[in-house]
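The lines below spell out each chain.
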Amino acid sequence: MGSGKSSVGRQLARKKKLRFIDCDQVIIDRTGVEISLIFEIEGENGFRKREKNIIDELTAEDGIVLATGGGAVLDPDNRNHLTGRGTVIYLRASIDQILKRTRKDTKRPLLNTDNPAEKLRQILAEREAYYEEVADMIIDTDNRTVKNVVEEICNREIKK
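Our subject in this report is the structure included herewith. Note that the coordinates shown come from a computational prediction; the quantities given were computed from them, not determined experimentally.

**Quick word on the environment of Leu 82**
- Here Leu 82 lies in helix H4 (residues 76-85).
- Linking Leu 82 and Asp 56, residues 26 residues apart in sequence, is a C-alpha distance of 8.6 Å.

Right under this line is the structure:
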């Protein structure tokens, strides 16, 4: 969340002449509603079921750059599909940076809380080990331009 997945993913896909797909956007397009409404009606579990089906489908495609939601790694099947079917890049950002990037975004249901910084700490504590487990490459994005991050990705050797 707020690490730059969509922005970096779009630019990386353009540079590599691949198709960019945002998992959350596919869910929005197919349901016709925002993610926040899915959370409101179906809860996080309902959203995660939808996300799991989309990830299974999309990771089977070739020639794409896929941006997943940050919680996708919570599901073991998602982790297996991501690691087994492609190269995974973990765009790491600090809590302060994430707060700066998301402070005006009202479409982030997990940050709809009185203390978003504490919520981010909880989320990161729950997910970071998974992010590191699945990552072929870890890129720090704090205080960096999208172009600079994309250049680093393109210049690093992928270990697969």
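Still more to cover.
**A closer look at the packing of aromatic side chains**
- Counting across every chain of the model gives two aromatic pairs.
- Measuring from centroid to centroid gives 5.1 Å for Phe 39 and Phe 47, while their planes differ by 35 degrees, and the two rings are tilted. Neither Phe 39 nor Phe 47 differs from the other in exposure class; each is buried.
- Centre to centre, the rings of Tyr 90 and Tyr 131 are 4.9 Å apart; their planes meet at 45 degrees, and the pair counts as tilted.

**Quick word on the pattern of salt bridges**
- Taken as a whole and assessed by the stated rule, the structure comprises 14 salt bridges.
- One network of salt bridges, in which partners are shared, links Glu 44, Arg 48 and Glu 51.

**Looking at the environment of Gly 84**
- Within the fold, Gly 84 resides in helix H4.
- Take Gly 84: its relative accessible area is 61%, and that puts it in the exposed class.
- Along the backbone, Gly 84 and Thr 59 are 25 residues apart, and their C-alpha atoms lie at a distance of 8.9 Å.

**Some words on helix H7 (residues 146-155)**
- Turning to H7, its buried residues are Val 149, Val 150 and Ile 153. Within H7, the buried residues cover an arc of 100 degrees as seen down the axis, which keeps them to one side. Summarising the geometry of H7, the exposed residues directed more than 90 degrees from the buried face are Lys 147 and Asn 155.
- The inward-facing, buried residues of H7 contact helix H1 (5-16), strand S3 (89-92) and strand S4 (137-140).

**Describing the nonpolar core**
- Of all hydrophobic cores here, the largest spans 21 residues; its most connected members are Ile 27, Ile 35, Phe 47 and Ile 54.
- Elements with a contribution of two residues or more to this core: helix H2 (23-31), helix H3 (35-58) and helix H6 (116-134).
- In terms of residues, this core owes the most to one element, H3, which gives seven residues.
- Apart from residues lying up to four places away in sequence, Ile 54 is in contact with Cys 23, Val 26, Ile 27 and Arg 30.
- If you look at the next biggest cluster of nonpolar residues, it comprises 12 residues, including Ala 13, Leu 91, Ile 139 and Ile 153.

Parameters and conventions
Residues numbered from 1 in each chain as written. Predicted model: local features only at pLDDT ≥ 70, side-chain atom pairs only at ≥ 80, totals over all residues. Heavy atoms only, no water. Helix = DSSP H or I, 4+ residues; strand = E, 2+ residues; numbered from the N terminus. Phe/Tyr/Trp six-rings, centres within 6.5 Å; stacked < 30°, edge-to-face > 60°. Buried < 20%, exposed > 50% of the residue type's maximum accessible area, 1.4 Å probe, protein only. Salt bridge = Lys/Arg side-chain N within 4 Å of Asp/Glu carboxyl O. Arc of directions from axis to C-beta. Contact = heavy atoms within 4.5 Å. Core = buried A, V, L, I, M, F, W, Y, C linked by side-chain atoms within 4.5 Å.

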